[in-house]
Amino acid sequence: MLGFLKGDPKKKLQKAYEEKLTKALHAQRNGDLRAHGTLMEEAEKLYAEIQALEGKR
């Protein structure tokens, strides 16, 4: 009944994914390739979760 009050988990994951990509881009531009690799790995995990949620629908 009050489903509109629940947060959309896909939207949260999408926002976190975009933030990780942005941080990874800045790390790469600053020459910190180790941080870039770590952030990209985390972003890939978030993307996999987003894809899993889309597959449930």
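Residues numbered from 1 in each chain as written. Predicted model: local features only at pLDDT ≥ 70, side-chain atom pairs only at ≥ 80, totals over all residues. Heavy atoms only, no water.

Chemist: Now, about helix H2 (residues 33-56): what can you tell me, with residues and values included?
Modeler: In an α-helix, one turn spans 3.6 residues, which is why side chains three or four residues apart end up on the same side. The terminal C-alpha atoms of H2, which comprises 24 residues, lie 35 Å apart, in line with the 34 Å expected from a rise of 1.5 Å per residue. Looking at the buried positions of H2, the neighbouring elements they touch are helix H1 (9-29). (Helix = DSSP H or I, 4+ residues; strand = E, 2+ residues; numbered from the N terminus. Expected span 1.5 Å × (residues − 1). Contact = heavy atoms within 4.5 Å.)

Chemist: Give me the side chain of His 36: which residues, what numbers.
Modeler: Here His 36 shows up in helix H2. By relative accessible area, His 36 is classed as buried at 18%. When near neighbours in sequence (up to four residues on either side) are disregarded, His 36 contacts Ala 24, Ala 27 and Gln 28. (Buried < 20%, exposed > 50% of the residue type's maximum accessible area, 1.4 Å probe, protein only.)

Chemist: So what's going on with H1? Which residues, and what values?
Modeler: With 21 residues, H1 ought to run about 30 Å at 1.5 Å a step, and its terminal C-alpha atoms sit 30 Å apart, in line with that. Of the positions making up H1, those classed as buried are Leu 13, Tyr 17, Ala 24 and Ala 27. Looking straight down H1, one finds that the buried residues subtend no more than 90° of arc, so they occupy a single side. Residues of H1 that are exposed and angled more than 90 degrees away from the buried face: Lys 11, Lys 12, Lys 15, Lys 23 and Arg 29. (Arc of directions from axis to C-beta.)

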